[in-house]
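Fold and contact review
Read off the chains here:
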Amino acid sequence: MTRLYNDPASFTEDMVAGFVAAHPQYVRQVPGGVVRAHRPRRGKVAVVTGGGSGHYPAFCGVVGPGFADGAVIGNIFTSPSAEDVYSVGRAVDRGAGVVFSFGNYAGDNMNFGLAVERLQQEGIPAHNVVVTDDIASAPAGQTSSRRGVAGDFVVFKIASAAAEEGYSLDEVVRVAEHANARTRSLGVAFAGCTLPGQDKPLFEVPAGHMGLGLGIHGEPGVSETRMPTAAELASTLVERLLAEAPDGIERPKVTAILNGLGATKYEELFVVWKTVAELLDREGVEVVAPEVGELVTSLDMAGCSLTLTWLDEELERLWLAPVDTPAYRKGSVQIADTDESEEDVLLPGSASESSVEIVSAEGRRTARCAARVLRSVAEVLRESEAELGELDAVAGDGDHGRGMTRGSSAALAAAEAEAERGSPASVLAAAGGAWAAKAGGTSGALWGAALRSFGQQLPSDRAPAAADITAAAEAARAAVQRLGGAQPGDKTLVDALVPFVEQLQRAVDNGTGVADAWRQAADAAEKAARATADLRPRTGRARPLAERSLGTPDPGAVSLALVLNRIGDVLAAEDEK
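Residues numbered from 1 in each chain as written. Predicted model: local features only at pLDDT ≥ 70, side-chain atom pairs only at ≥ 80, totals over all residues. Heavy atoms only, no water.

**Looking at the overall build of the chain**
To keep it simple, the criterion reads: Under the DSSP-based scheme used, a helix requires at least four consecutive residues in state H or I and a strand at least two consecutive residues in state E, with every element numbered from the N terminus. In this description, accessible areas are obtained by the Shrake-Rupley approach with a 1.4 Å probe, and a residue is regarded as covered only by the protein chains that are shown. We score Asp and Glu as negative and Lys and Arg as positive, and we do not count His or the chain ends. By convention, the charge on Lys lies at NZ, on Arg at CZ, on Asp at CG and on Glu at CD.
Within the chain, the secondary structure is distributed over 18 helices and 15 strands. The dimensions of the chain, computed from C-alpha atoms along their principal axes, are 80 × 60 × 45 Å. Only carbon and sulfur atoms are counted for the fraction: they give 50% of the accessible area of the chain, which is about 22800 Å². Positive and negative side-chain charges of the chain, numbering 53 and 78 respectively, have mean locations separated by a distance of 1 Å.

**Things to note about the sheet that holds strand 6 (residues 126-131)**
Our working definition: Any two strands are treated as partners once DSSP identifies two or more bridges connecting them. Note on method: axes are straight lines fitted to C-alpha atoms, helices fitted across the in-contact stretch only, with angles between N-to-C directions ranging 0 to 180 degrees. The contact criterion used throughout is that any non-hydrogen atoms of two residues lie within 4.5 Å.
With mixed pairing, the six strands of this open sheet are ordered in space as 1-2-4-3-5-6. Sheet topology places strand 1 (27-30) and strand 6 at the edges, where each strand pairs with a single neighbour. Within the sheet, the average angular offset between the axes of one strand and its neighbour, ignoring direction, is 25°. Strand direction decides the pairing type here: strand 3 (residues 46-53) and strand 5 (residues 98-103), joined by four bridges, are parallel. Its bridge partner being in strand 5, A46 is matched across the sheet by V98. Of the strands in this sheet, strand 1, strand 2 (33-36), strand 3 and strand 4 (70-76) are in contact with helix 1 (residues 11-22), which crosses strand 4 at around 145°.

**Observations concerning the packing of helix 5 (residues 169-181) against helix 8 (residues 313-320)**
Threshold: Here is the rule for angles: anything less than 35 degrees is roughly parallel, anything more than 145 is roughly antiparallel, 65 through 115 is roughly perpendicular, and the remaining ranges are oblique. We call Asp, Glu, Lys and Arg charged. Ala, Val, Leu, Ile, Met, Phe, Trp, Tyr, Cys and Pro are nonpolar, and the rest, Gly among them, are polar.
Their axes nearest at 11 Å, the elements helix 5 and helix 8 cross at an angle of 100°. Taken together, the axes of helix 5 and helix 8 lie roughly perpendicular to each other. Residues R174, V175, H178 and A179 of helix 5 form the contact with helix 8, whose own contacting residues are E314, L315 and L318. In terms of residue class, the contact of helix 5 with helix 8 is built from four nonpolar, one polar and two charged.

**What to know about the UniProt feature "domain: DhaK" (unreviewed entry) in the chain**
The line we're drawing: UniProt positions are given in the numbering used here, feature names are shortened, and annotations may be inferred rather than shown by experiment.
The residues that UniProt annotates with the feature "domain: DhaK" (unreviewed entry) are residues 7-328. Between the first and last C-alpha atoms of residues 7-328 the distance is 29 Å; the span itself is 32% helix and 24% strand.

**Focus: the pattern of salt bridges**
Our working definition: Salt bridges are defined by distance alone: a side-chain nitrogen of Lys or Arg within 4 Å of a carboxyl oxygen of Asp or Glu.
This structure, assessed with the given rule, holds 28 salt bridges. In this structure, the salt-bridge partner of E383 is R566, at a minimum N-O distance of 3.6 Å. With E383 in helix 9 (residues 361-383) and R566 in helix 18 (residues 555-575), this residue pair connects regions lying 183 residues apart in the sequence. In this structure, R477 engages E474 in a salt bridge whose closest nitrogen and oxygen atoms are separated by 2.5 Å.

**What to know about the packing of aromatic side chains**
Which entries qualify depends on this criterion: For Phe, Tyr and Trp, rings pair up if their centres lie within 6.5 Å, where Trp contributes its six-membered ring, and each pair is then called stacked (planes under 30 degrees apart), edge-to-face (over 60) or tilted (otherwise). Between buried and exposed lies partly exposed: a residue is buried under 20% and exposed over 50% of the maximum accessible area for its type, with that area taken using a 1.4 Å probe on protein chains only. By the criterion adopted, a ring carries a charge over it if an Arg CZ or a Lys NZ lies within 6 Å of its centre and within 35 degrees of its normal.
Applying the stated rule across the entire model yields eleven aromatic pairs. On the numbers, 5.4 Å between centres and 65° between planes, the contact of F67 with F153 is edge-to-face. One end of the pair, F67, is in the loop between strand 3 and strand 4; the other, F153, is in helix 4 (residues 152-165), and 86 residues separate them in sequence. Here F67 matches F153 in class, with each residue buried. Between the aromatic rings of W435 and W447, the centroid separation amounts to 4.8 Å while the plane-to-plane angle is 5°, which identifies the pairing as stacked. Taken together, the residues span a long stretch of sequence, with W435 in helix 12 (residues 424-439) and W447 in helix 13 (residues 441-456) at a distance of twelve residues. For W435, a relative accessible area of 0% corresponds to the buried category. Judged by relative accessible area, which is 9%, W447 ranks as buried. Pairwise contacts between aromatic rings join F67, F153 and Y328 into one cluster. A cation over a ring is seen here: K330 above W319, with NZ or CZ 4.1 Å from the ring centre.

**Comments concerning the domain arrangement of the chain**
The following threshold applies: Start and end points for every domain follow an automatic or database-based domain assignment. The term buried area denotes the loss of accessible surface (1.4 Å probe radius) that occurs when two parts are joined, taken as the sum for both partners.
Parsing the chain into structural domains produces domain 1 (10-196 + 205-330) and domain 2 (361-576). Using only C-alpha atoms to locate each centre, domain 1 and domain 2 end up separated by 34 Å. Between domain 1 and domain 2, the contact holds 29 residues from the first and 24 residues from the second. Buried area between domain 1 and domain 2, summed over both chains or domains, comes out near 2000 Å², and the portion from carbon and sulfur atoms is 52%. Three residues, N75, M110 and P220, lead the burial of domain 1 against domain 2; their summed loss comes to 24% of the area buried on that side. In this structure, the connection of domain 1 to domain 2 is made through one salt bridge.

**Examining helix 6 (residues 230-242)**
Quick reminder: α-helices carry 3.6 residues per turn. Residues three or four places apart thus point the same way. As a reminder, the rule being used: A helix is expected to span 1.5 Å for every residue after the first.
Here helix 6 is 13 residues long and its end C-alpha atoms lie 18 Å apart, about the 18 Å a rise of 1.5 Å per residue gives. The inward-facing, buried residues of helix 6 contact strand 7 (183-191), strand 8 (209-212), helix 7 (266-282) and strand 13 (302-310).

**Quick look at the pairing of strand 3**
Where burial is concerned, most of strand 3 is hidden: eight out of the eight residues are buried. Direction of pairing for strand 3 relative to strand 4: parallel, over a ladder of six bridges. Paired with V48 across the bridge in strand 4 is G70.

**Some points on the packing of helix 14 (residues 466-484) against helix 15 (residues 494-509)**
What counts, and what does not: Take the far helix as your reference; a near helix turned counterclockwise from it by less than a right angle gives a left-handed crossing, and one turned clockwise gives a right-handed crossing.
The geometry of helix 14 relative to helix 15 is characterised by a closest axis approach of 10 Å and an angle of 160° between their N-to-C directions. In terms of their interaxial angle, helix 14 and helix 15 are classed as roughly antiparallel. Handedness of the helix 14/helix 15 crossing: left-handed. Within the contact between the two elements, helix 14 uses A466, I469, T470, A473, E474, A476, R477, V480 and Q481 and helix 15 uses V494, L497, V498, F500, V501, L504, Q505 and V508. Of the residues that constitute the contact of helix 14 with helix 15, the class distribution is twelve nonpolar, three polar and two charged.

**Considerations on the pairing of strand 13**
When you tally the buried positions in strand 13, you get nine out of nine residues, the bulk of the element. Alternating residues of strand 13 divide into A302, C304, L306, L308 and W310 and G303, S305, T307 and T309, and every residue in both groups is buried. Of the pairings in the sheet, the one linking strand 7 to strand 13 comprises eight bridges and is antiparallel in character. Bridging from a neighbouring strand, V188 pairs with C304 of strand 13.

**Some remarks on unusual backbone geometry**
Here the bond from Y56 into P57 is cis, since omega is 15°, no more than 30 degrees from zero. One can find P57 in the loop between strand 3 and strand 4. For the peptide bond that leads from A58 to F59, omega is 10°, which places it in the cis range. Even without glycine at this site, A289 takes up a positive phi of about 45°.

**Describing the environment of G103**
Take G103: it is sitting in strand 5. A relative accessible area of 5% places G103 in the buried class. C-alpha of G103 to C-alpha of R146: the two residues are 43 residues apart in sequence and 9.1 Å apart in space. Setting aside residues no more than four positions away along its own chain, G103 makes contact with D108, V130, V131, G148 and D152.

Have a look at this one:
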């Protein structure tokens, strides 16, 4: 149970503030995360780690000399927004570019990818290295679909050491990808973790059993088996990882991490490590500088994981390189600070100034209506937060309801601030940017893109016609599918969005008024959302637990249907004025 918090909605912000206050000699806070308190020399490649919070000491705990230059910190188990990634990337750049590294999750790929594109457009070289070490999440022939779990730590450390030695950006990327290709992990859970403010864990393991192949975002294991002894667990982990050893290695030499997930005591880990070390020695595998302890946690989850990275001379040297951070130290670090440790860094604002736009009275009326719609949307999502979280916890991390509440609340505040002076497009652009920034994750990025694209089709000099509304809906659909890459049948919000857009167009083509056409289309979306219960997820975090999700509708499709129906209520009320 996660017991100590103030407001669960601000848990991450409070945690970061406390972390920075505890370690001012190592870190300082910037929008979106933390960076080194003392900036490295100019010309050094910057390495940034990141992802959702809840994994301490990953990711912010390893910012410091010899390790990361910065960390992007999302909400619990939620990808940081593209704006946050961009902000930290701008803050750490020393003229040689930025390498971001993170686990292979849809929201992280999307948001880090968008940030890299933005940095590159501004002339800052940037590249993503995605970690794919979890052997339980996809077969050996599909390594690009595997999740990143505790193997993140090895890849982050090796990339950071290479940058500290003076490697170029391309060389840092090369060695990080090489480390990832030689890293394998497997984890087990004895009990699920509990999000702050919740009264039950995201999943439960039957008494006397353990979950094999868990994720680090509160996802349950892909299978369950009886609870083993420490020696039996060690044997399972070692056997399965050695079975996936990289090809062509004659004299196997590895580093290893036996990682606690938050509620497994160090003494227990040492009991497991005793047998792990014996088994590796028996197999002729030399172990270099292993780590036993908590390095990549999952709040208060009871469980552990074993990571093996097969070393060559270069990887071994970089793994052993000295490091000095709040949570991880090795050797003696002698890295000269610059004389510009507190220099101001040009950081992005929440929005750029735009050119003055002429907005008619009808356009302002539409802008104010958009703000009223978003108020109703925020209300229905706040009312449905617990329900959406429970749906998401079946095969995901349980954060969908909270993320939608945070995103819609931020969108409402931004829209209302813009509504009295802006156009429909500027109101929805502000709302979309705020939604993406505060919600983070896949859904935050998708909803942000959908709102911006919808708004771009609305006129500012007249009231929107039915054709404008259908064009806006189609633009939102196209943006969501272009950014997320999902297709109908993948068990995502696209399964509700596509039928909505198609039915809206049919109804308008048949001469139905906008409010009635919207209600018909929202009904189609709701029916399609319910039907996702029969689908197996083909993308996202739920994919490794596809069987578990059968019988449960997709939370993203359900939340979209809720929103579309509530918008229909508002449009009907507007028609009656």
